[in-house]
Amino acid sequence: MNQPIAIREAAASPDEVAALATAVTEFQEKLRDAKRYPRIHALQQDLQATRQRLSVLFGERRGWHQSKSAFSPSVLARRGLFNGRGNHADPWPRELVDDGYFYRKDRKAAAVAAHLYGTFDAAKRQDTEATAALYGLRVTWPEDFPSWYLPGRTTLIVCTPLSGPAS
(Lines give C-alpha, C1' and ligand atoms only; values in the text may rest on other atoms or scores of the structure.)
Protein backbone atom coordinates (compact mmCIF):
# COMPACT_ATOMS: atom_id res chain seq x y z
CA MET A 1 0.00 0.00 0.00
CA ASN A 2 1.28 3.46 -0.82
CA GLN A 3 1.10 5.53 2.31
CA PRO A 4 -0.06 9.12 1.87
CA ILE A 5 2.59 11.76 2.43
CA ALA A 6 0.75 12.90 5.57
CA ILE A 7 1.32 9.50 7.19
CA ARG A 8 4.96 9.03 6.19
CA GLU A 9 5.93 12.24 7.95
CA ALA A 10 6.19 12.24 11.71
CA ALA A 11 3.46 14.51 12.99
CA ALA A 12 4.43 16.15 16.24
CA SER A 13 3.42 19.78 15.83
CA PRO A 14 -0.16 21.08 16.01
CA ASP A 15 0.06 22.05 12.33
CA GLU A 16 0.98 18.51 11.35
CA VAL A 17 -1.83 17.05 13.47
CA ALA A 18 -4.24 19.47 11.82
CA ALA A 19 -2.96 18.35 8.40
CA LEU A 20 -3.62 14.72 9.30
CA ALA A 21 -7.13 15.58 10.53
CA THR A 22 -7.75 17.40 7.25
CA ALA A 23 -6.50 14.32 5.38
CA VAL A 24 -9.13 12.22 7.19
CA THR A 25 -11.86 14.54 5.94
CA GLU A 26 -10.43 14.51 2.40
CA PHE A 27 -10.25 10.71 2.34
CA GLN A 28 -13.87 10.53 3.49
CA GLU A 29 -14.96 12.90 0.72
CA LYS A 30 -13.02 10.95 -1.91
CA LEU A 31 -14.43 7.69 -0.57
CA ARG A 32 -17.96 9.01 -0.86
CA ASP A 33 -17.38 9.85 -4.53
CA ALA A 34 -15.43 6.70 -5.47
CA LYS A 35 -17.16 4.27 -7.83
CA ARG A 36 -14.85 1.28 -8.31
CA TYR A 37 -13.75 -1.26 -5.73
CA PRO A 38 -9.97 -0.97 -6.12
CA ARG A 39 -10.18 2.79 -5.56
CA ILE A 40 -12.62 2.38 -2.65
CA HIS A 41 -10.37 -0.21 -1.03
CA ALA A 42 -7.26 1.97 -1.41
CA LEU A 43 -9.05 4.98 0.08
CA GLN A 44 -10.34 2.90 3.01
CA GLN A 45 -6.79 1.76 3.73
CA ASP A 46 -5.48 5.32 3.58
CA LEU A 47 -8.29 6.55 5.83
CA GLN A 48 -7.65 3.80 8.39
CA ALA A 49 -3.89 4.41 8.33
CA THR A 50 -4.36 8.14 8.87
CA ARG A 51 -6.75 7.55 11.79
CA GLN A 52 -4.31 5.04 13.24
CA ARG A 53 -1.44 7.55 13.02
CA LEU A 54 -3.51 10.20 14.77
CA SER A 55 -4.56 7.79 17.51
CA VAL A 56 -0.94 6.79 18.13
CA LEU A 57 0.16 10.43 18.27
CA PHE A 58 -2.65 11.23 20.69
CA GLY A 59 -1.52 8.48 23.04
CA GLU A 60 2.17 9.33 22.73
CA ARG A 61 1.50 12.92 23.79
CA ARG A 62 -0.01 11.59 27.01
CA GLY A 63 2.49 8.82 27.69
CA TRP A 64 0.08 6.05 26.66
CA HIS A 65 0.31 3.34 24.02
CA GLN A 66 -2.59 1.87 22.13
CA SER A 67 -3.99 -1.33 23.59
CA LYS A 68 -4.15 -4.42 21.42
CA SER A 69 -7.57 -5.14 22.90
CA ALA A 70 -10.51 -3.29 24.34
CA PHE A 71 -11.28 -3.34 28.05
CA SER A 72 -14.39 -2.69 30.10
CA PRO A 73 -15.25 0.40 32.17
CA SER A 74 -14.58 -1.52 35.40
CA VAL A 75 -11.07 -2.48 34.21
CA LEU A 76 -10.32 1.16 33.41
CA ALA A 77 -11.76 2.38 36.73
CA ARG A 78 -9.39 0.12 38.67
CA ARG A 79 -6.50 0.53 36.20
CA GLY A 80 -6.58 -3.21 35.69
CA LEU A 81 -5.01 -5.47 33.11
CA PHE A 82 -8.09 -7.40 31.98
CA ASN A 83 -11.46 -8.63 33.17
CA GLY A 84 -11.10 -12.36 32.76
CA ARG A 85 -11.93 -13.97 29.49
CA GLY A 86 -14.77 -11.62 28.64
CA ASN A 87 -17.49 -13.84 30.11
CA HIS A 88 -18.58 -11.20 32.59
CA ALA A 89 -17.42 -8.06 30.85
CA ASP A 90 -19.56 -5.01 31.42
CA PRO A 91 -20.30 -3.12 28.21
CA TRP A 92 -19.49 0.52 27.59
CA PRO A 93 -22.52 2.83 27.57
CA ARG A 94 -23.01 4.63 24.24
CA GLU A 95 -23.04 7.92 26.16
CA LEU A 96 -19.34 7.37 26.88
CA VAL A 97 -17.81 5.31 24.09
CA ASP A 98 -18.49 5.20 20.41
CA ASP A 99 -15.65 4.63 17.98
CA GLY A 100 -13.32 4.10 20.94
CA TYR A 101 -9.54 3.82 21.02
CA PHE A 102 -8.14 2.08 24.10
CA TYR A 103 -4.85 3.04 25.76
CA ARG A 104 -2.56 1.51 28.36
CA LYS A 105 0.33 2.69 30.49
CA ASP A 106 2.69 0.14 32.03
CA ARG A 107 0.38 -2.61 30.67
CA LYS A 108 -2.54 -1.27 32.73
CA ALA A 109 -5.69 0.36 31.38
CA ALA A 110 -5.11 4.11 31.25
CA ALA A 111 -7.77 5.73 29.06
CA VAL A 112 -10.30 5.45 26.29
CA ALA A 113 -10.52 8.12 23.61
CA ALA A 114 -14.01 8.13 22.14
CA HIS A 115 -15.54 10.02 19.24
CA LEU A 116 -19.11 10.89 20.10
CA TYR A 117 -21.48 12.29 17.53
CA GLY A 118 -22.69 15.87 17.84
CA THR A 119 -21.62 18.84 19.87
CA PHE A 120 -21.53 19.08 23.63
CA ASP A 121 -23.16 22.03 25.34
CA ALA A 122 -22.85 22.50 29.12
CA ALA A 123 -25.89 20.32 29.90
CA LYS A 124 -24.72 17.46 27.68
CA ARG A 125 -21.23 17.65 29.20
CA GLN A 126 -22.72 17.44 32.70
CA ASP A 127 -24.78 14.40 31.71
CA THR A 128 -21.69 12.73 30.23
CA GLU A 129 -19.64 13.48 33.35
CA ALA A 130 -22.41 12.08 35.57
CA THR A 131 -22.60 8.88 33.50
CA ALA A 132 -18.83 8.48 33.70
CA ALA A 133 -18.87 8.96 37.48
CA LEU A 134 -21.33 6.08 37.80
CA TYR A 135 -18.60 3.86 36.34
CA GLY A 136 -15.80 5.36 38.45
CA LEU A 137 -14.48 7.40 35.53
CA ARG A 138 -13.85 11.03 34.66
CA VAL A 139 -14.35 12.62 31.25
CA THR A 140 -12.25 15.33 29.67
CA TRP A 141 -12.56 17.14 26.35
CA PRO A 142 -9.07 17.62 24.92
CA GLU A 143 -8.57 21.07 23.48
CA ASP A 144 -5.15 20.24 22.04
CA PHE A 145 -6.20 17.44 19.68
CA PRO A 146 -9.05 17.06 17.16
CA SER A 147 -11.45 14.18 16.77
CA TRP A 148 -9.92 11.92 14.15
CA TYR A 149 -12.89 9.65 13.49
CA LEU A 150 -15.20 12.10 11.69
CA PRO A 151 -13.68 15.57 12.12
CA GLY A 152 -16.37 18.20 12.37
CA ARG A 153 -19.10 15.63 13.12
CA THR A 154 -17.71 13.88 16.18
CA THR A 155 -16.38 15.23 19.46
CA LEU A 156 -13.31 13.73 21.09
CA ILE A 157 -13.70 12.82 24.75
CA VAL A 158 -11.29 10.93 27.00
CA CYS A 159 -12.38 8.62 29.82
CA THR A 160 -9.84 8.00 32.59
CA PRO A 161 -10.11 6.55 36.10
CA LEU A 162 -11.81 8.88 38.56
CA SER A 163 -9.26 8.30 41.30
CA GLY A 164 -5.61 9.23 40.94
CA PRO A 165 -3.84 11.15 38.18
CA ALA A 166 -5.47 11.63 34.80
CA SER A 167 -2.37 10.57 32.85
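This write-up is about the structure you can find in this document. (Residues numbered from 1 in each chain as written. Predicted model: local features only at pLDDT ≥ 70, side-chain atom pairs only at ≥ 80, totals over all residues. Heavy atoms only, no water.)

1. Observations concerning the overall build of the protein chain
Phase 1: Tallying secondary structure elements over the protein chain gives five helices and five strands in all.
Phase 2: Secondary structure elements of the protein chain, listed N to C terminal, follow the sequence α-α-α-β-α-β-β-α-β-β.
Phase 3: The burial tally for the protein chain puts 41% of its 167 residues in the buried class.
Phase 4: Contacts spanning at least 24 positions in sequence make up 63% of the contacts within the protein chain whose residues lie at least 6 apart. (Helix = DSSP H or I, 4+ residues; strand = E, 2+ residues; numbered from the N terminus. Buried < 20%, exposed > 50% of the residue type's maximum accessible area, 1.4 Å probe, protein only. Contact = heavy atoms within 4.5 Å.)

2. Regarding the packing of aromatic side chains
Phase 1: One pass over the structure, following the stated rule, counts 10 aromatic pairs.
Phase 2: Geometrically, the ring pair formed by Phe 58 and Trp 64 is edge-to-face, given 6.3 Å between the ring centres and 65° between the ring planes. The exposure classification of Phe 58 matches that of Trp 64, with both residues buried.
Phase 3: The interplanar angle of 50° and the centroid separation of 5.4 Å between the aromatic rings of Phe 58 and Trp 148 together place this pair among those described as tilted. (Phe/Tyr/Trp six-rings, centres within 6.5 Å; stacked < 30°, edge-to-face > 60°.)

3. Some details on the nonpolar core
Phase 1: By size, the foremost hydrophobic cluster in this structure holds 21 residues, and its most contacted members are Leu 54, Phe 58, Trp 64, Tyr 103, Ala 113, Phe 145 and Trp 148.
Phase 2: Broken down by secondary-structure element, the contributors of at least two residues to this core are helix H2 (14-33), helix H3 (37-61), strand S2 (101-105), strand S3 (108-117) and strand S5 (154-161).
Phase 3: Core analysis: the next-biggest nonpolar cluster, separate from the first, contains 18 residues, Phe 71, Trp 92, Ala 114 and Leu 137 among them. (Core = buried A, V, L, I, M, F, W, Y, C linked by side-chain atoms within 4.5 Å.)

4. Thoughts on the environment of Leu 54
Phase 1: With respect to the element layout, Leu 54 can be found in helix H3.
Phase 2: Note on Leu 54: relative accessible area 0%, which makes it buried.
Phase 3: Sequence spacing of Leu 54 and Ala 18 is 36 residues, and the spatial spacing of their C-alpha atoms is 9.8 Å.
Phase 4: Leu 54 has contacts with Val 17, Leu 20, Ala 21, Val 24, Phe 145 and Trp 148, leaving out every residue within four places of it along the chain.

5. Quick notes on the pattern of salt bridges
Phase 1: Counting across every chain of the model gives three salt bridges.
Phase 2: Asp 144 serves as the salt-bridge partner of Arg 62, at 2.7 Å between the closest nitrogen and oxygen. In this pair, Arg 62 sits in the loop between H3 and strand S1 (65-66) while Asp 144 sits in the loop between strand S4 (137-140) and S5, placing the two residues 82 residues apart along the sequence.
Phase 3: Residue class for Asp 144 comes out partly exposed when judged on its relative accessible area of 45%.
Phase 4: Where Arg 94 meets Asp 98, a salt bridge forms, and the shortest distance between an N and an O atom there is 2.8 Å.
Phase 5: On the accessibility criterion, Arg 94 (60% relative accessible area) is exposed.
Phase 6: Take Asp 98: its relative accessible area is 17%, and that puts it in the buried class. (Salt bridge = Lys/Arg side-chain N within 4 Å of Asp/Glu carboxyl O.)

6. As for unusual backbone geometry
Phase 1: Backbone geometry at Arg 79 places phi at a positive 55°, although glycine is not the residue there.
Phase 2: The residue Arg 79 is located in the loop between helix H4 (73-77) and S2 in this model.
Phase 3: Positive phi, close to 70°, is recorded for Arg 107, a residue that is not glycine.

7. Some remarks on the packing of H2 against H3
Phase 1: Between H2 and H3, whose axes approach to 9 Å, the crossing angle comes to 155°. On the basis of the axis angle, H2 is roughly antiparallel to H3. The way H2 lies across H3 gives a crossing that is left-handed. In contact with Pro 14, Val 17, Leu 20, Ala 21, Ala 23, Val 24, Phe 27, Gln 28, Lys 30 and Leu 31 of H2, H3 contributes Arg 39, Ile 40, Leu 43, Gln 44, Asp 46, Leu 47, Thr 50, Arg 51, Arg 53, Leu 54, Leu 57 and Arg 61.
Phase 2: Class assignment for the residues of the contact of H2 with H3 results in 13 nonpolar, three polar and six charged. (Axes fitted to C-alpha atoms, helices over the stretch in contact; angles between N-to-C directions. Parallel < 35°, antiparallel > 145°, perpendicular 65-115°, else oblique. Left-handed = near helix turned anticlockwise from the far one by under 90°. Nonpolar A, V, L, I, M, F, W, Y, C, P; charged D, E, K, R; others polar.)

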